[in-house]
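Working through the structure, step by step
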Amino acid sequence: MSTAFFRKERDGITLLVRLTPKSARDGIEGVEETGDGRAHLKARVLAVPEDGKANAALEKLLAKSLGIAARDVSIGTGATSRLKQVKISGDPEALALQLETLGSP
């Protein structure tokens with residue numbers, strides 16, 4: 001499996017996510033590759049993309065899925081885009097293992 005959908009940093013992980021707001025349910029749907037060869041984690045949330053509601057729902061979904069505190073997850077770039085870089089604070093090795101599992105369909 002490709003690990004190109006996240007990068008280990010000194011104090012955590014930068015995760016590449018494609019978010020679909022206004023979905024029928026909250027969930028993570030594995031890793032997808034775009035036409036240009038970049039990989040990202042696919043996520044869906046019920047929340048609408050207004051006033052940061054979808055971004056907040058994504059942060060909560062990732063925190064719950066990884067078993068970490070919501071305060072350790074934040075949108076880095078792409079707040080108004082479907083493609084986002086999400087910063088996750090913590091042990092990069094442990095987070096990488098969890099993301100490998102999360103990224104599997």
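Above this text sits the structure in question.
Here is a short report on the structure shown in this document. (Residues numbered from 1 in each chain as written. Predicted model: local features only at pLDDT ≥ 70, side-chain atom pairs only at ≥ 80, totals over all residues. Heavy atoms only, no water.)

Points about the overall build of the protein
- Secondary structure summary: the protein contains 2 helices and 6 strands in total.
- Going from N to C terminus, the protein has its helices and strands arranged as β-β-β-β-α-β-β-α.
- Projected onto its principal axes, the C-alpha positions of the protein cover 35 × 35 × 25 Å.
- When each of the 105 residues of the protein is scored for burial, the buried share is 36%.
- Long-range pairs, those at least 24 residues apart, make up 54% of the contacts in the protein with a sequence separation of at least 6.
- Accessible surface, the protein as shown: approximately 5,900 Å² in total, 49% of it carbon and sulfur.
- In the protein, the 16 positive side-chain charges and the 14 negative ones have mean positions that sit 5 Å from each other. (Helix = DSSP H or I, 4+ residues; strand = E, 2+ residues; numbered from the N terminus. Buried < 20%, exposed > 50% of the residue type's maximum accessible area, 1.4 Å probe, protein only. Contact = heavy atoms within 4.5 Å. Areas by Shrake-Rupley, 256 points an atom, 1.4 Å probe, with all protein chains shown as cover. Lys, Arg positive; Asp, Glu negative; His and termini not counted. Charge placed at Lys NZ, Arg CZ, Asp CG, Glu CD.)

What to know about the pattern of salt bridges
- By the definition in use, this model includes 7 salt bridges.
- Of the charged contacts in the structure, one is a salt bridge between Arg25 and Glu29, with a shortest N-O distance of 3.4 Å.
- Residue Glu29 is classed as partly exposed on the basis of its relative accessible area, which comes to 27%.
- Among the salt bridges present, the one from Arg38 reaches Asp36, with a minimum N-O distance of 3.1 Å.
- A cluster of three or more residues bridged by salt bridges with shared partners is formed by Arg25, Glu29, Glu32, Lys42 and Arg44. (Salt bridge = Lys/Arg side-chain N within 4 Å of Asp/Glu carboxyl O.)

What about helix H2 (residues 92-103)?
- Compared with the 16 Å implied by 1.5 Å per residue over 12 residues, the 16 Å span of H2 between its first and last C-alpha is a close match.
- Along H2, the positions that sit buried rather than exposed are Pro92, Leu95, Ala96, Leu99, Leu102 and Gly103. Taken around the axis of H2, the buried residues stretch over an arc of 125 degrees, which confines them to a single face. The exposed residues of H2 that point more than 90 degrees off its buried face are Leu97 and Thr101.
- The inward-facing, buried residues of H2 abut strand S1 (6-9), strand S2 (12-20), strand S3 (27-33), strand S4 (39-44), helix H1 (53-66) and strand S6 (83-89). (Expected span 1.5 Å × (residues − 1). Arc of directions from axis to C-beta.)

A look at unusual backbone geometry
- Unlike most non-glycine residues, Lys22 shows phi in positive territory, near 55 degrees.
- Along the polypeptide, Lys22 turns up in the loop between S2 and S3.

With respect to the packing of aromatic side chains
- The full count for this structure, using the stated rule, is 1 aromatic pair.
- Centroid distance Phe5 to Phe6: 5.0 Å. Interplanar angle 85 degrees. Geometry classified as edge-to-face.
- A relative accessible area of 0% means that Phe5 is categorised as buried. (Phe/Tyr/Trp six-rings, centres within 6.5 Å; stacked < 30°, edge-to-face > 60°.)

Brief notes about the nonpolar core
- With 25 residues, the main nonpolar core has Leu15, Leu58, Val86 and Leu99 as its most contacted residues.
- Listed by contribution, the elements that provide at least two residues to this core are S2, S4, H1, strand S5 (73-77), S6 and H2.
- A total of 7 residues in this core trace back to one element, the largest contributor, which is H1.
- Setting aside anything within four residues of it in sequence, one finds Leu58 in contact with Val17, Leu19, Ala43, Val45, Ile75, Lys84 and Val86. (Core = buried A, V, L, I, M, F, W, Y, C linked by side-chain atoms within 4.5 Å.)

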